[in-house]
Every structure is written in structure tokens, then in C-alpha cells.
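Here are the chains, one letter per residue:
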Amino acid sequence: MTQDESRTGTGREAREAAAERAAIAVRPDEFHHSEAGSGAREKVFELKGIDVRYSGVAAVKGISMDIHRKDVTALIGPSGCGKSTLLRCLNRMNDLIPNAEVQGELLYHGEDLYGPTVDPVQVRKLIGMVFQKPNPFPKSIYDNVAFGPRILGRKDDLDATVEHALRGAALWEEVKDRLEDNAFGLSGGQQQRLCIARCIAVEPDVILMDEPCSALDPISTGKIEDLMIALKDEFSIVIVTHNMQQAARVSDRTAFLMVELDADEQNRWGRLVEYDDTEKIFTNPADQRTEDYVSGKVG
Ligand SMILES: Nc1ncnc2c1ncn2[C@@H]1O[C@H](COP(=O)(O)OP(=O)(O)OP(=O)(O)O)[C@@H](O)[C@H]1O
Ligand SMILES: [Mg+2]
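Residues numbered from 1 in each chain as written. Chains lettered and ligands numbered in written order. Predicted model: local features only at pLDDT ≥ 70, side-chain atom pairs only at ≥ 80, totals over all residues.

The next subject is the overall build of the chain. Looking only at helices and strands, the chain features 11 helices and 10 strands. By residue count, 41% of the 299 residues in the chain fall in the buried class. Residue pairs in contact within the chain that sit at least 24 positions apart in sequence constitute 72% of those at least 6 positions apart. (Helix = DSSP H or I, 4+ residues; strand = E, 2+ residues; numbered from the N terminus. Buried ≥ 20, exposed ≤ 12 C-beta atoms within 10 Å, placed from the backbone. Contact = placed C-beta atoms within 7 Å.)

Right under this line is the structure:
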């Protein structure tokens with residue numbers, strides 16, 4: 001990372017920016033998978049009893065769920081229940097947090113994502129991430145999108161790649177005449193779509209989004225939501241959101257997590273309460289706690 005690329009601010013922002021750069025550093029050959037097969041829904045991820053601890057203290061326990069290909073899967077639940085922690089397991093971003101420890105089995109296209117031969121840098125290229133706060137690089141709009149393809153040595157047709165990614169992120173019409181302008185001159189909603197364009201320019205398999213709209217106005221939010229629905233034709237998407245309407249609007253499946261306390265209320269950790277089709281979670285959930293949460297009674 002060069003000095004001018006480093007984002008000032010919190011350690012977390014710096015970590016996220018570093019992860020994003022690391023994510024597009026290598027073109028992997030691993031994990032290539034076939035197109036959706038016969039009948040059964042193809043699983044992108046299979047989580048089997050995932051526990052995450054920070055400095056030995058559990059943050060989530062016993063998470064088991066399958067995430068399907070070309071679905072939008074939403075993770076919802078109150079603050080601190082472990083949504084971001086769980087999302088970071090899916091592209092091994094917890095590896096970058098020194099005190100974090102992931103246990104349990106996590107398969108990605110049937111292979112152990114945490115296996116000894118798996119390169120986390122390659123993983124993070126295939127499984128891209130969009131963060132809560134848009135984090136464009138201090139470069140031109142064009143160079144932001146071209147950054148990943150250039151690192152991967154894909155210099156042919158770079159203009160076409162950039163245009164394709166910007167169109168895919170529903171930003172092309174707004175920026176086509178100012179591609180050489182600095183990305184910081186874009187609005188927050190445009191910057192977030194630029195970050196999505198940067199992510200899709202390297203043709204990932206999965207896009208993880210951690211509250212991608214929480215800093216955006218309703219119009220920009222609507223654009224990103226439309227975008228998510230359009231992108232799932234090509235990518236599998238996992239999104240963390242506090243916005244119930246958003247989860248209901250964009251996702252196919254919804255996982256509801258909650259904080260659980262031990263008997264003497266000294267320790268707390270996140271648990272998966274219910275995971276089902278989004279329509280079921282929002283209209284007829286099996287668990288009373290889900291009902292209370294999605295109807296706004298608690299949270
Ligand atoms: N780097 C870290 N070091 C120590 N503890 C952490 C770290 N990151 C998260 N935690 C703890 O893990 C638990 C789950 O946090 P996490 O950020 O995953 O929750 P969340 O559901 O995403 O919350 P929010 O909705 O507020 O973003 C919390 O108790 C949090 O304090
Ligand atoms: Mg979070």
C-alpha cells in the first residue's frame with residue numbers, strides 16, 4: 001500500500017481498505033465450480049457449528065446454515081449479535097483481526113474454506129466485500145474500477161471492463177463524462193456504487209455487504225437495492241442490514257440472529273434463531289423471538 005492510498009481514520013477503516021486491496025491481489029484457480037446442477041439448489045457456503053471468539057470470548061456460537069448460489073441472503077438481528085463477525089467468516093476477513101478465532105466447519109463450494117492449502121488472499125478476491133462506509137481509493141473514478149483488473153494483469157480491453165463494471169453498478173450514465181475526476185468528488189451513494197463497481201470488476205463469485213446503505217439517503221438506498229436484485233443474476237450476495245424493509249425487499253433468504261446470555265448473565269454471544277425464506281421470516285416465522293424482532297416489538 002502506498003502512502004497516498006492509505007486511508008486515514010480508525011484502525012478498522014485501515015484494515016478494511018487493506019483487506020480490499022489484498023482481496024484483489026491474485027487471480028485464483030481454486031474453487032472453480034460448475035453451473036447450477038440438476039435439481040437441488042447449489043450451495044455456496046455450508047456453515048457447520050461455527051463459533052467465533054475474540055480473545056477467547058465467544059461472539060457467536062454454533063452457527064449452522066447453508067447459503068445458496070445466486071440468492072440474496074440477509075443477516076438481521078440486534079446490534080452486537082454477531083452479524084459482521086459472521087459475515088467476515090465468509091471471506092476469512094476475521095484472519096486480519098489478531099485476536100479473532102474461528103472454529104467449526106465452513107465449506108465453500110464443498111471445500112474447506114479454512115483448509116491449510118487455501119490462500120486467504122485468493123479467497124478474498126473471489127468473495128468480495130462492500131463496507132458500510134464507501135471507501136474509494138484517492139484516485140480517479142476510472143482508476144478505482146481498473147485497479148483490480150490491472151493487478152490481475154488484465155490490461156486488454158480495460159476500457160470495456162471499466163464500462164461494464166460501472167454499468168453493472170448502475171453508475172455509468174452518471175459518470176461516463178467524468179471518468180478522470182477524483183472519486184472523492186462523487187456523492188456518498190455514487191461512491192458506494194463505485195465501490196460495488198470496483199468489486200464486480202474482478203468478477204467475484206460472492207459479494208458480501210455489511211450495511212451498505214446505512215450512510216445513504218433513501219434515493220441512493222433504493223438504487224443500491226435495485227442493484228442488488230439485478231446483481232444476483234450473476235453473483236451470490238450476502239448482506240447485513242438493520243433495515244427490515246430492505247431485507248424483505250431484496251433478499252430471498254433471511255437469517256435472524258440474537259444475543260443469548262448465560263445463566264448468570266455474565267457472558268453473551270450471538271445465536272442463529274431462525275433461517276428461512278424471507279417471506280416466511282417476515283410473514284409467518286416459526287419462532288416468537290423472530291416475530292417480535294421483525295414486527296419491531298424488540299430490537
Ligand atoms: N475486533 C473485535 N475484538 C473484540 N470483540 C469484537 C470485535 N469485533 C466484534 N467484537 C464483539 O463481538 C460481538 C459481535 O460483534 P459484531 O460487530 O459482529 O456485531 P453486529 O451484529 O455486526 O453489530 P452491529 O449491528 O452493531 O454492527 C460484540 O460483542 C462485539 O463487541
Ligand atoms: Mg456489524
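Additional details are given in the paragraphs that follow.
What follows covers the site of ligand 1. Taken together, Tyr54, Ala59, Ser79, Gly80, Cys81, Gly82, Lys83, Ser84, Thr85, Ile97 and Asn99 make up all the residues around ligand 1. Take the shell around ligand 1: its biggest share by element is 3 residues, from helix 2 (residues 83-89). Looking at the shell around ligand 1, its residues break down into 4 nonpolar, 6 polar and 1 charged. (Near = placed C-beta within 6 Å. Nonpolar A, V, L, I, M, F, W, Y, C, P; charged D, E, K, R; others polar.)

On to the nonpolar core. With 78 residues, the main nonpolar core has Leu75, Ala197, Ile207, Leu208, Ile237 and Val238 as its most contacted residues. The greatest single-element share of this core, amounting to 6 residues, is contributed by helix 7 (residues 188-200). Those residues in contact with isoleucine 207 that sit more than four places away from it in its chain are Gly128, Val130, Cys199, Leu231, Phe235 and Ile237. (Core = buried A, V, L, I, M, F, W, Y, C linked by C-beta atoms within 7 Å.)

Attention now moves to unusual backbone geometry. The phi angle at arginine 92 is positive, at roughly 60°, despite the residue not being glycine. Residue classification places arginine 92 among the buried residues on the basis of 22 C-beta atoms within 10 Å. Positive phi is not limited to glycine here, since glutamate 211 has a value of about 50°.

In contact at an axis separation of 7 Å, helix 4 (residues 141-151) and helix 7 are set at 30° when each is read in the N-to-C sense. If you check the angle between helix 4 and helix 7, you find them roughly parallel. For the pair helix 4 and helix 7, contact is made by Ile141, Asn144, Val145, Phe147 and Gly148 and by Leu194, Ala197 and Arg198, respectively. Per-class residue counts for the contact of helix 4 with helix 7 are 5 nonpolar, 2 polar and 1 charged. (Axes fitted to C-alpha atoms, helices over the stretch in contact; angles between N-to-C directions. Parallel < 35°, antiparallel > 145°, perpendicular 65-115°, else oblique.)

Here we take up the packing of helix 7 against helix 8 (residues 218-231). Relative orientation and spacing of two packed helices are given, respectively, by the angle between their axes and the distance between those axes. The geometry of helix 7 relative to helix 8 is characterised by a closest axis approach of 9 Å and an angle of 20° between their N-to-C directions. The orientation of helix 7 relative to helix 8 falls into the category roughly parallel. Seen from above, helix 7 lies across helix 8 with right-handed handedness. For the pair formed by helix 7 and helix 8, the contact residues are Gly188, Gly189, Gln192, Arg193 and Ile196 on the first element and Ser220, Lys223, Ile224 and Leu227 on the second. Among the residues making up the contact of helix 7 with helix 8, the classes are represented as 3 nonpolar, 4 polar and 2 charged. (Left-handed = near helix turned anticlockwise from the far one by under 90°.)

Here the focus is the pairing of strand 2 (residues 57-68). Relative to strand 2, strand 1 (residues 43-54) runs antiparallel, the two being bridged by 8 bridges. Bridging from a neighbouring strand, isoleucine 50 pairs with isoleucine 63 of strand 2. Linkage of strand 1 to strand 2, two consecutive antiparallel strands, is achieved through a turn of 2 residues, within which serine 55 is found at a positive phi near 50°. (Pairing = 2+ DSSP bridges.)

In an α-helix there are 3.6 residues to a turn, and that puts residues three or four apart on one side. Helix length check: helix 8 (14 residues) gives 20 Å between terminal C-alpha atoms against 20 Å at 1.5 Å per residue, within 8%. Within helix 8, the full set of buried residues consists of Lys223, Ile224, Glu225, Leu227, Met228 and Leu231. On its buried face, helix 8 sits against strand 3 (72-76), helix 5 (158-168), helix 7, strand 7 (206-210), strand 8 (236-240) and helix 9 (244-250). (Expected span 1.5 Å × (residues − 1).)

Let us look at the environment of glutamate 203. Looking at the secondary structure, you find glutamate 203 in the loop between helix 7 and strand 7. According to the C-beta neighbour criterion, glutamate 203 is partly exposed, with 19 such atoms within 10 Å. Sequence spacing of glutamate 203 and glutamate 234 is 31 residues, and the spatial spacing of their C-alpha atoms is 9.2 Å.

So, on to the environment of threonine 85. Along the chain, the position of threonine 85 falls in helix 2. When the C-alpha atoms of threonine 85 and alanine 59 are compared, they prove to be 7.6 Å apart, with 26 residues separating the residues in sequence. In this view, threonine 85 contacts Val52, Ala59 and Val60; residues no more than four positions away in its chain are not counted.

Moving on to helix 5. Turning to helix 5, its buried residues are Thr161, Val162, Ala165, Leu166 and Gly168. Along helix 5, the residues classed as buried sweep out an arc of 160° about the axis, all on the same side. Turned more than 90 degrees off the buried face of helix 5, the exposed positions are Asp159 and Ala160. Those residues of helix 5 hidden inside the fold are in contact with helix 4, helix 6 (172-175), helix 7 and helix 8. (Arc of directions from axis to C-beta.)

Note that every value here comes from positions in space, so none of it alone points to a role or purpose.
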